[in-house]
Amino acid sequence: TAERLERLAYFQSLLKEKGIYTYFSLLGTAQGDGKDIKDGWKLSGLFDDELINRQKEFAKTLLSYKNKYTGTAFANDESVVMIDLANTMFNFKLGNSDFALTSEKNQKLLTEKFNKYLKDKYKTTEQLKKSWKVVYDDESIEDGTVAFNGNWKYGLYYDDAHRKDVYEFLGAVQKEYFDSICEAVKDTGYDGLITGVTN
């Protein structure tokens, strides 16, 4: 809201007066939309197009905001030295944990994206079977039904090829997200540091 932005702007101006640099965490601890997304945007927000677009809008609104106390938009303020986006797809876990993907909608969406990745790479289920040791009878990349067991640390991998495909898929999702958000951030005129994690 306008009131909250002005309060933030005033606080940032006081920091700047004291020579204290600022960094913004664009995603922070956003915990979902109160309806379907219960697991937090740090997972769903990396591959759900609707949530990604909402992040871009937020970045634009925040960074383009002209601080009346400093006379400078946040994006152009040299005291704003770093922005972080989200953590990483490699925090993904199954089951009940801080980074568990619990949204059925987005479990389905991630499975769809995984199957598209497999289809782009292998073209057919028959070709996939030549690489993976195990592809179940009810799994088909043509039908989008190859299961995504993406818990990268503790997932049920059939073999090294299966594990490699999961890792490459998560990396591709991560890169697509970062490229997209970084472009939106830079479009505001910001040219400082951008990172994926706070630490």
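These remarks concern the structure in this document. (Residues numbered from 1 in each chain as written. Predicted model: local features only at pLDDT ≥ 70, side-chain atom pairs only at ≥ 80, totals over all residues. Heavy atoms only, no water.)

Each helix and strand counted, the chain has six helices and five strands in total. Residues counted as buried form 41% of the 199 residues belonging to the chain. Long-range pairs, those at least 24 residues apart, make up 65% of the contacts in the chain between residues at least 6 apart in sequence. As presented, the chain carries roughly 11400 Å² of accessible surface, and 51% of it is formed by carbon and sulfur atoms. (Helix = DSSP H or I, 4+ residues; strand = E, 2+ residues; numbered from the N terminus. Buried < 20%, exposed > 50% of the residue type's maximum accessible area, 1.4 Å probe, protein only. Contact = heavy atoms within 4.5 Å. Areas by Shrake-Rupley, 256 points an atom, 1.4 Å probe, with all protein chains shown as cover.)

Looking at the secondary structure, you find T22 in strand β1 (residues 22–25). Owing to a relative accessible area of 9%, T22 belongs among the buried residues under this scheme. In this structure, T22 is in contact with Q12, L15, S79, V80, V81 and M82, ignoring residues within four places of it in sequence.

What follows concerns the pairing of β1. Residues T22 and F24 of β1 are buried on one face, while the alternating residues Y23 and S25, pointing to the opposite face, are not. Where β1 and strand β4 (residues 80–84) come together, four bridges link them in parallel fashion. Following the sheet pairing, Y23 is matched in β4 by M82. (Pairing = 2+ DSSP bridges.)

This part covers the packing of aromatic side chains. Tallied over the entire structure, the rule returns ten aromatic pairs. Ring geometry for F114 against F169: centres 5.2 Å apart, planes inclined by 65°, an arrangement best described as edge-to-face. Note that F114 is positioned in helix α4 (residues 104–122) and F169 in helix α6 (residues 160–186), a separation of 55 residues in sequence. For the residue pair F114 and F169, the accessibility class agrees, reading buried in each case. Here F148 and F169 contribute two aromatic rings whose centre-to-centre distance is 5.3 Å and whose plane-to-plane angle is 70°, an arrangement assigned as edge-to-face. Remark: F169 occurs in helix α6 and F148 occurs in the loop between α5 (125–131) and α6; sequence separation between them is 21 residues. A single burial state applies to F148 and to F169, both of which are buried. (Phe/Tyr/Trp six-rings, centres within 6.5 Å; stacked < 30°, edge-to-face > 60°.)

The subject of this paragraph is the nonpolar core. If you look at the biggest cluster of nonpolar residues, it comprises 22 residues, and the most contacted ones within it are L63, I83, L85, Y177 and V185. Element by element, the count of residues in this core is highest for α6, at five residues. Contacts of L63, omitting those with residues within four sequence positions, involve F24, A73, F74, A75, I83, V185 and T188. Core analysis: the next-biggest nonpolar cluster, separate from the first, contains 19 residues, F47, L118, V146 and V173 among them. (Core = buried A, V, L, I, M, F, W, Y, C linked by side-chain atoms within 4.5 Å.)

Within the element layout of this structure, Y158 appears in the loop between α5 and α6. Taking C-alpha positions, Y158 is 7.1 Å from W132, a pair spaced 26 residues apart along the chain. Excluding anything up to four places from it in sequence, Y158 contacts W132, K133, V134, Y136, E139 and N149.

This model, assessed by the stated rule, comprises twelve salt bridges. One salt bridge connects K175 with D179, and the closest N-O pair in it is separated by 2.6 Å. Of this pair, K175 and D179 both sit in helix α6, four residues apart, roughly one helical turn. Overall, K175 belongs to the exposed group, its relative accessible area being 52%. In this structure D179 comes out as partly exposed when scored by relative accessible area, which is 42%. (Salt bridge = Lys/Arg side-chain N within 4 Å of Asp/Glu carboxyl O.)

Read across the sheet, three strands follow the order β1-β4-β5 without closing on themselves; strand pairing throughout is parallel. The strands lining the two open edges of the sheet, one partner per strand, are β1 and β5 (193–195). Put simply, the sheet's adjacent strands are angled 20° from each other on average, direction ignored. With three bridges connecting them, β4 and β5 associate as parallel partners. Across the sheet, the residue bridging to M82 is L193, located in β5. (Axes fitted to C-alpha atoms, helices over the stretch in contact; angles between N-to-C directions.)

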